[in-house]
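One letter stands for each residue in the lines below.
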Amino acid sequence: MHNFGTFTTLPPQSLLRQLSSCYDTTCLQASSNLVTWSIYIKHGAVTYATHSVEPFDRLERHLRRLSDEIPQVTGEIRVQLRLIFETGLHNQFRNEHSDTNIEPADYQAIHWLINQGYLNIQQATLLIEELVKEVVESFLLIKTGDFSLSDSQPIVSEICRLDIEKLIEGCQLQLHNWLSLTPHICSPYQRPYLLISSIIQNQALPSLQPKLINWMKGFSLRHLAVMINQDEIELAKSLYPYIIKGGVILHEPDPPFDQLPRNVKKLSLSSRYTTQLFAANVVDIPVEASNNTITSYADIPVDQFQDISAPGRENIQGATIPNNINSTSERVTAATITTKKAYKIVSVDDSPTILKEISRFLEHETFVVVAINDPLKAVMSIIRHKPDLILLDLNMAGIDGYELCRIIRNHTKFQNTPVIFVTGYKGIVDKVKAKLVGASGYLTKPFTRVELLKIVFSHLT
């Protein structure tokens, strides 16, 4: 079966329902706004579904949410998954497992968890059901695009089958819940920021979790819900009164999540309304950066992170936090640490904004981030902390990154430690110079969280 089409008004529910009544084995693919959905169907039931926007972010979120049901999949295992399947190691894995090279990488990762004994079939079925529901939920929002049905597409080996009608009903219920929050909330990937602190004290409004207030600094609603172990609809409802009153504002989704369809068009604040907020004793409004700079986020002290826990996390036993954690020259973000190995990353930059942004991007249970904004003190700090990876700005006052990298490489303990240059320079000459002084990689500003995580994961093997 090879059917292709272009639609101006896509009826996604009708497509799925028609496929539920047939007994073919096929892959339904739809493309819209640079996103591709792949829904694998066998004998009228869904065996798997994925889309192209950060499949491993999606997988990791659901693994964390289900951590009570699947305690064997620890933070260390989740990192191992990304190292194998999301980075260059995936090609090696595919060559060694030629029978699985036709399946989506995230589905291969689930098979790997089963084969390694971290998941049984019942646990894998629960995980797949949650993943598929999220993918189909976004698929049902597509209005225009292209689609194809083909039995020549890669067909996944079956772990479970999900009833299409029940799947649609569940997704429609969830979309109805989101729709009830429009137009103020139109995407689970919008990012809430605390805007007016006095409104939080309003006795007429429901109270917010202190943990939520601490984490409300750039994470999406969907990611926040996992971090504080709360249903995402309940989280959105708890913030809704504050959004209406102006105490919390929503920034647009970070790329590439902004490509996913929404319930309605985005609601933008008028300039008049923004002026009124300033007149009402507004604290600093978080301002989105231009395309030429990295986004600047709400100024929440880094040291608040150390007491925040999230589902699936345990505090490191015997972990030590330096006494000078509030120092402007060096801060440690003990973010999302587990009892397993936590990779220590040193970030050296004379810009506090860049340091804060890198720390936010690396807020992950596998990392402890040491932020250093005085490059002249960097070498001694690196020696003291013994990091697993170093992020190094090239253009700093007092000493340039090339010289600092050369000094680091001359130390016997750090000859094999990955050193990643973080810079706005894009020239070939700069990259050659970086290689000559022993840099392991090169990350060009501005960069996204995904780009930073990928280069970090690729060197922590």
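Here, the structure is the one placed above.
Some remarks on the packing of helix H6 (residues 121-139) against helix H7 (residues 164-179)
Relative to each other, H6 and H7 sit at 65 degrees, their axes nearing to 9 Å. Seen from above, H6 lies across H7 with right-handed handedness. Between H6 and H7, the residues in contact are Val132, Lys133, Val136 and Glu137 and Leu167, Cys171, Gln174, Leu175 and Trp178, respectively. When its residues are assigned to classes, the contact of H6 with H7 shows six nonpolar, one polar and two charged.

Here we look at the side chain of Glu232
When you line up the elements, Glu232 lands in helix H11 (residues 232-245). A distance of 2.8 Å separates polar atoms of two side chains, one belonging to Glu232 and the other to Arg222. Beyond its immediate stretch of four places on either side in the chain, Glu232 contacts Gln174, Trp178, Arg222 and Ala225.

Section: the packing of helix H2 (residues 55-65) against H6
Running from N to C, H2 and H6 point in directions that differ by 130 degrees, and their axes come no closer than 10 Å. Taken together, the axes of H2 and H6 are oblique relative to one another. Handedness of the H2/H6 crossing: right-handed. The residues of H6 that touch H2, namely those facing Arg58, Leu59, Arg61, His62 and Leu63, are Leu127, Glu130, Leu131, Glu134 and Val135. Classifying every residue of the contact of H2 with H6 by side-chain character gives five nonpolar, one polar and four charged.

Rules used throughout
- Residues numbered from 1 in each chain as written.
- Predicted model: local features only at pLDDT ≥ 70, side-chain atom pairs only at ≥ 80, totals over all residues.
- Heavy atoms only, no water.
- Axes fitted to C-alpha atoms, helices over the stretch in contact; angles between N-to-C directions.
- Helix = DSSP H or I, 4+ residues; strand = E, 2+ residues; numbered from the N terminus.
- Left-handed = near helix turned anticlockwise from the far one by under 90°.
- Contact = heavy atoms within 4.5 Å.
- Nonpolar A, V, L, I, M, F, W, Y, C, P; charged D, E, K, R; others polar.
- Polar contact = N/O pair within 3.5 Å; in protein donor to acceptor, adjacent residues only side chain to side chain.
- Parallel < 35°, antiparallel > 145°, perpendicular 65-115°, else oblique.

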